[in-house]
Amino acid sequence: MMLDPKIIKEKPEIIRKMLQDRNVKFDLDSLIDLDLRRRELIIKTDELRKKKNIVSLEIASRKKAGSDAGSEIAQMQQVSSELVVLESEQLRVESEYARLAFAIPNLVHESVPRGADESANQEIRRWGQMPRADFAVRDHIEISQKLDLVDLERAAKAAGARFYFLKNSLVKLNQALINFALDFLEQKKYVLIQPPYMINKNAMEGAIIASDFQDVIYKVEGEDLFLIGTSEHAIAAMHSNEILEGKDLPLRYAGVSPCFRKEAGAHGRDQKGIFRVHQFDKVEQYVFARPEESFNEHEKMLAVAEEFYQKLGIPYRVMLLSSGDLGKVSAKTYDLEAWMAGQNAYREIVSCSNCLDFQARRLKVRFRDKTNEQTQYVHSLNSTLVATTRTLVAIMENFQTRDGHINVPRSLQKYIGSGII
RNA sequence: GCGGGGGUCGCCUAGCCUGGUAGGGCGUGGGAUUGCUAAUCCCAUGUCCGUAAGGACGCGUGGGUUCAAAUCCCAUCCCCCGCGCCA
């Protein structure tokens, strides 16, 4: 339901180590204790149910034979009332156990550098040439204001901070990125998916961990519905409670959807512009893979993302996140950080994660090769291909011209029919 | 939204009216037999607890009635058919 419950029972020290590596507080001892009590109660209630089944059979056969079953029925009443008490206790312990167990972060893969925060992230490689301008470069806010491509003030009026109206050619450039990304992934045989933009609690809990709910997820008032923070959330739940056929794996999906995020706790960071916003469009890679294939798939997804930015001509570096900077559901994550000339810095634009069986366990996504085989949980992986707003920032800042215009990357030109904005 | 039908252990299906251990077919694995990869027959094929023996649970979900619920009652979700409304 989270991690393999066997680990809680048999090897809690693995979890303890992981919590330390992640620099995360979690009441593991309570969980271990609850697991013990939970199993004791299962044994006791099973015992009572067994008794009940035996007496029930006796009653049935007596009734059939036409003889009196009065004392057996009295016995059943006794056992049933005992059972009611124990069952409610069991339910209480079980749900407390589940609540805690659901909050445990994922294991951390051995290849992940250990460290308390992003300062321990490891740079893997760099690609591309940073643009060298012989003029004063502007940031994307200035560029977009000047060309009338974004209206932040009016968006604040209509919606609030961290919203935007895209205008004019930037609308088309945004669509161009989406279309280019979809064509790109379709060519690589990904199955195109446009998911529901709202999903229910059960589905959402499968993809993320409780604490993320408060910080990133919007709830729809009066409905059991939540706005997706990425198509990953919806696609993760797509095959919930299914047993997939081994021969169908890996399933590679290209999700396209708007993404909605609260960005709570990001006060003051990237306050202006469209870099960090409550809503943006994204094309996402999501893969269900066999466990033994998942790290291969992970590298492949990263390579696909890199190829995409190479085609756009955006310089980037690949970072391997340290244990302390890793998301809670991920066991290993690479970030692509694009060079943003206007900020003179690399900034995150892609996050590529292997979640192992963490999400699959929560959502019961299993597979097997033969119908009589034991089922196994699949591994799930996700990676941004393009989150449009951030990539638009990179394009505006890196491809700006001396006179304040923007050169359109060659691979996008056919989608907007123009080489310059 | 209204009316009708449905949801059973991977898939298909019986059982529900009339409460008393969920049966069959397919698929898959193993075995038997036959000179042969065909036919036939036998066994196995969900989850949890338990070192094991064994046991419990499982009929969309949640409640209720009952000594006992797939079966009866209530609520709820989803799917199909028809009607209505609608971009």
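Residues numbered from 1 in each chain as written. Chains lettered and ligands numbered in written order. Predicted model: local features only at pLDDT ≥ 70, side-chain atom pairs only at ≥ 80, totals over all residues. Heavy atoms only, no water.

Caption draft 1: Structural context of the packing of helix H3 (residues 28–65) against helix H4 (residues 70–101). Contact geometry for H3 and H4: axes closest at 8 Å, N-to-C directions at 155°. The angle between H3 and H4 places the two elements in the roughly antiparallel class. When the axes of H3 and H4 are compared, the crossing they make is left-handed. When its residues are assigned to classes, the contact of H3 with H4 shows 16 nonpolar, six polar and 17 charged. (Axes fitted to C-alpha atoms, helices over the stretch in contact; angles between N-to-C directions. Helix = DSSP H or I, 4+ residues; strand = E, 2+ residues; numbered from the N terminus. Parallel < 35°, antiparallel > 145°, perpendicular 65-115°, else oblique. Left-handed = near helix turned anticlockwise from the far one by under 90°. Nonpolar A, V, L, I, M, F, W, Y, C, P; charged D, E, K, R; others polar.)

Caption draft 2: Molecular detail of the packing of aromatic side chains. According to the stated counting rule, one finds 10 aromatic pairs in the structure shown. Taking 5.7 Å as the distance between ring centres and 15° as the angle between the ring planes, the aromatic pair formed by Trp127 and Tyr316 counts as stacked. Of the two residues, Trp127 sits in strand E1 (residues 122–127) while Tyr316 sits in strand E10 (residues 316–320), which places them 189 residues apart along the sequence. By relative accessible area, Trp127 is classed as partly exposed at 30%. Judged by its relative accessible area of 0%, Tyr316 is buried. Taking the centre distance of 5.2 Å and the plane angle of 80° together, the rings of Phe213 and Phe226 count as edge-to-face. Residue Phe213 is found in helix H9 (residues 210–216), and its partner Phe226 is found in strand E6 (residues 226–227); the two are separated by 13 residues along the sequence. Across the pair, exposure class does not vary: Phe213 and Phe226 are buried alike. Through a chain of ring-to-ring contacts, three or more aromatic side chains come together here, namely Phe180, Phe184, Phe308, Tyr309 and Tyr415. (Phe/Tyr/Trp six-rings, centres within 6.5 Å; stacked < 30°, edge-to-face > 60°. Buried < 20%, exposed > 50% of the residue type's maximum accessible area, 1.4 Å probe, protein only.)

Caption draft 3: Summary view of the side chain of Asn174. Secondary-structure assignment places Asn174 in helix H7 (residues 169–187). Engagement of the side chain of Asn174 in a polar contact is seen with the side chain of Thr388, the distance being 2.7 Å. Contact partners of Asn174, with chain neighbours within four places excluded, come to Leu166, Asp281, Thr388 and Leu392. (Polar contact = N/O pair within 3.5 Å; in protein donor to acceptor, adjacent residues only side chain to side chain. Contact = heavy atoms within 4.5 Å.)

Caption draft 4: Region of the structure containing the protein's contact with RNA strand B. If you check the shell around RNA strand B, you find 24 residues, and the closest are Arg39, Asp46, Met76, Arg368 and Thr371. Each atom of RNA strand B within 4 Å of the protein belongs either to a base or to sugar and phosphate, the latter forming 73%. Contact between RNA strand B and Asn53: a phosphate oxygen at 3.0 Å from a side-chain N or O atom of the residue. Mapped onto the surface near RNA strand B, the elements with two or more residues apiece are H3 and H4. The dominant element in the surface near RNA strand B, judged by the number of residues it contributes, is H3, at 13 residues. Within the surface near RNA strand B, the residues separate by chemical class into seven nonpolar, seven polar and 10 charged. (Near = heavy atom within 4 Å.)

Caption draft 5: Summary view of H3. The end-to-end C-alpha distance of H3 is 55 Å, a good match for the 56 Å that 38 residues give at a rise of 1.5 Å each. Turning to H3, its buried residues number three or more, namely Leu28, Leu31, Leu34, Asp35, Arg38, Leu41, Thr45, Leu48, Val55 and Ile59. Those residues of H3 hidden inside the fold are in contact with helix H1 (5–10), helix H2 (12–22) and H4. Directly beyond the C-terminal end of H3, a positive phi value near 80° is found at Gly66. (Expected span 1.5 Å × (residues − 1).)

Caption draft 6: Here's a closer look at the state of the cysteines. By the definition in use, this model includes zero disulfides. With no disulfide partner, Cys259 has as its closest neighbouring cysteine sulfur the one in Cys355, 15 Å distant. Residue classification places Cys259 among the buried positions, given a relative accessible area of 0%. With no disulfide partner, Cys352 has as its closest neighbouring cysteine sulfur the one in Cys355, 10 Å distant. With a relative accessible area of 0%, Cys352 lands in the buried category. (Disulfide = S-S within 2.5 Å.)

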